[in-house]
Amino acid sequence: MAQCPMCGKPVDEAAVRAATSQTAFGAREVDPAAGTRQFHDGQWYYFDRLECRTKFMAQFGTGRKP
Amino acid sequence: MDFGFTPEQEALRREVRAFIAQHVTAEVVAEMEGHNEGLLGVTPGTSRGPAVKELFRKISERGWLGISYPREYGGQGRDRITQYIVEEEFARANVNISTAGSSAPMILAAGSEEQKRHYIPRLIRGEFSFAQGFTEPRGGADLASLQCRAVHDGEDYVINGQKMFTSGAHYCTHLYLMARTDPGAPKHKGISVFLMRLDIPGITVRPLWTMQNDPRAPTRTTYGQSRTNEVFFDDVRVPKTALLGEENKGWYIGSTGLNLDRVGAARYLISVLRDEEIINWIKENRFDGYSPADDPAIRDKIAELWIEAQVCRLMTMRSMSIVEHGGRFAYEGAAEKVWAPEHGARSTETIAQMLGPYAQLLNGSPRAIEKGIFAHNVMGAFQSQINHGSVQVMRDQIARRGLDMPRARKASR
């Protein structure tokens, strides 16, 4: 389990990454309700919700270290 | 300078109009309803029906797909003005025949012979379609600050990272991706472009819904799509043959492709179709003896929109002419990308003012005008000023490339 850097809730990394459906052409699709993640300075961060990531971006988006 | 069309070009326009009147049937329109993917919908795996596929077969039979592409790559080897005329007429009928998108000009300019022969004919036929993996969450409009990494591993590259606002990733077959291959180089110089299928291991797509999604915008909504995507790359392995052009030269390849993609009737009509639609609507409707077409205030506004629309059209024609004649296409596409979406935003706001409160009702409301397209367009017009190069970035390009001004100082925080 990862921890959301903004709200502190646990985030199931496997669930965020797991493909739950397919696009029309067969690319793997994830469930948007399962949280999200971001590749930031060469590292993945996991978030409870899209709103948490938006706050993260507002705070650290321009290069400040989390 | 001649602004007219030749008799042959005028004849072609009449031929295309007659074809549309005969073949873009109610059945075709019904199949397109609910899908605003353009003609990319003919790609296998998407939900287009048999009527649209048959329409495409007939368009292809007449040689109207890939008109200006070389014959050896499946095109017709004709001029861009001819392409413009055909695209303009089809775009007016809400049928986008520019299936090749920005990927084909890029592949044609920078690809290996094998890449050109593999991709371009299939793009023209609509068998392949490329989503554009450029933007990242952190970079926003500063595309060159991208962080997605591609690292050599034997005969392959291994890619890790993330892209955002990847429109079309949920219905396209392929992706062209900008990734950083030299993190030590200045930011514009360490980037490469890769071509890859979207269904390879390690790629996952996550839906992102735009404000046009709730309720879903009707098909004829001009601006943007209700869904876009994030795309994640986890140890995605691609062969070295997936590299487009030279390693670390991707910035120049990508920006050339973006610039060339801004040339064309479909892109200009994104902003102008709404003007034509509202002009027709105003002429055709009367309300308890009141005709908006007789109202001096409305006539004044409509005339103003029409003048602005003609500027859009002339800018597009100029760009196509420059590209056709091999001229230096440095900033004209950027100027078009500022004028057209900003005109579109002014246009949708003016239309909303003219139509009053009913123009604010969205799709699904029983009193919505034309299924709410005017209301959905107001929202989408703002999006069009950001996607495919924001108007702020475009202005900066005009200042540097068109007016020879130095790079702007960074704003202090």
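Everything here concerns the structure above.
The sections below set out a description of the structure shown in this document. (Residues numbered from 1 in each chain as written. Chains lettered and ligands numbered in written order. Predicted model: local features only at pLDDT ≥ 70, side-chain atom pairs only at ≥ 80, totals over all residues. Heavy atoms only, no water.)

When its secondary structure is counted, chain A shows two helices and six strands. In sequence order, the secondary structure elements of chain A are arranged as β-β-α-β-β-β-β-α. Along the longest, intermediate and shortest principal axes, the C-alpha atoms of chain A span 40 × 25 × 20 Å. For chain A, buried positions account for 39% of its 66 residues. Across chain A, contacts joining residues at least 24 apart in sequence account for 33% of those joining residues at least 6 apart. In the structure as shown, chain A presents an accessible area of about 3500 Å², 50% of it carried by carbon and sulfur atoms. Averaging the coordinates of the 9 positive side-chain charges in chain A and doing the same for the 7 negative ones gives two points 6 Å apart. (Helix = DSSP H or I, 4+ residues; strand = E, 2+ residues; numbered from the N terminus. Buried < 20%, exposed > 50% of the residue type's maximum accessible area, 1.4 Å probe, protein only. Contact = heavy atoms within 4.5 Å. Areas by Shrake-Rupley, 256 points an atom, 1.4 Å probe, with all protein chains shown as cover. Lys, Arg positive; Asp, Glu negative; His and termini not counted. Charge placed at Lys NZ, Arg CZ, Asp CG, Glu CD.)

Moving on to the packing of helix α4 (residues 80-92) of chain B against helix α9 (residues 296-324) of chain B. Relative placement of two packed helices is described by the angle separating their axes and the distance separating the axes. Residues and elements named next belong to chain B. Two elements in contact, α4 and α9, have axes separated by 9 Å at closest approach and are oriented at 145°. On α9, the residues that touch Arg80, Ile81, Tyr84 and Glu88 of α4 are Arg313, Thr316, Met317, Met320, Val323 and Glu324. Grouping the amino acids of the contact of α4 with α9 by side-chain chemistry returns five nonpolar, one polar and four charged. (Axes fitted to C-alpha atoms, helices over the stretch in contact; angles between N-to-C directions. Nonpolar A, V, L, I, M, F, W, Y, C, P; charged D, E, K, R; others polar.)

Here the focus is the packing of aromatic side chains. Enumeration according to the criterion identifies 14 aromatic pairs over all chains in this entry. For the pair Phe56(A) and Phe60(A), a centre-to-centre distance of 5.1 Å together with 55° between the ring planes defines the contact as tilted. With a gap of four residues between them, Phe56(A) and Phe60(A) both fall in helix α2 (residues 50-60), about one helical turn apart. With respect to burial, Phe56(A) and Phe60(A) carry one shared label: buried. Ring centres of Tyr157(B) and Phe194(B) lie 4.8 Å apart, and the angle between their planes is 65°; this geometry places the pair in the edge-to-face category. Here Tyr157(B) is found in strand β3 (residues 156-163), whereas its partner Phe194(B) is found in strand β5 (residues 191-197), with 37 residues between them in sequence. Ring-pair connections join several aromatic residues into one group, and the members of that group are Tyr119(B), Phe128(B), Phe130(B), Phe134(B) and Tyr176(B). Just above the ring of Trp44(A) sits the side chain of Arg17(A); from NZ or CZ to the centre is 5.8 Å. (Phe/Tyr/Trp six-rings, centres within 6.5 Å; stacked < 30°, edge-to-face > 60°. Lys NZ or Arg CZ within 6 Å of the ring centre and 35° of its normal.)

Residues and elements named next belong to chain B. Judged by nonpolar contacts, the single largest core of 44 residues is most densely connected at Trp64, Phe90 and Val95. Ranked by residue count, the leading element in this core is helix α3 (residues 50-61), at five residues. Of the domains in this structure, domain 1 (7-99) and domain 2 (130-248) are the two that each give at least three residues to this core. Once you skip the residues sitting within four places of it in the chain, Trp64 turns out to touch Leu12, Glu15, Val16, Phe19, Ile59, Val86, Phe90 and Ile97. Formed by 24 residues, the second largest nonpolar core is a distinct cluster that contains Cys172, Val231, Val236 and Val238. (Core = buried A, V, L, I, M, F, W, Y, C linked by side-chain atoms within 4.5 Å. Domains from an automatic or database assignment.)

Another aspect to go through is the pattern of salt bridges. The final tally for this structure, using the stated rule, is 26 salt bridges over all chains. In this structure, Asp234(B) engages Arg37(A) in a salt bridge whose closest nitrogen and oxygen atoms are separated by 2.8 Å. Residue Asp234(B) is found in strand β7 (residues 227-239), and its partner Arg37(A) is found in strand β5 (residues 36-40); the two belong to separate chains. Salt-bridge contacts for Glu88(B) lead to Arg313(B); the nearest nitrogen and oxygen are separated by 3.0 Å. Of the two residues, Glu88(B) sits in helix α4 while Arg313(B) sits in helix α9, which places them 225 residues apart along the sequence. (Salt bridge = Lys/Arg side-chain N within 4 Å of Asp/Glu carboxyl O.)

Below, the discussion takes up the interface of chain B and chain A. Counting from both sides, the interface comprises 33 residues of chain B and, opposite them, 25 residues of chain A. For the chain B and chain A pair, buried surface summed over both sides reaches about 2400 Å², with 52% attributable to carbon and sulfur atoms. For the pair chain B and chain A, the number of links is three salt bridges. Our count for the chain B to chain A interface comes out at 10 residue pairs in polar contact (both at pLDDT 80 or more). When contributions to the side of chain B that touches chain A are tallied by element, the ones reaching two or more residues are β3, β6 (203-209) and β7 of chain B. For the side of chain B that touches chain A, the residue count by class is 15 nonpolar, 10 polar and eight charged. Pairing analysis gives two bridges linking strand β4 (residues 28-30) of chain A to β6(B), with the strands arranged parallel. (Buried area = accessible area lost by both parts, 1.4 Å probe. Polar contact = N/O pair within 3.5 Å; in protein donor to acceptor, adjacent residues only side chain to side chain. Pairing = 2+ DSSP bridges.)

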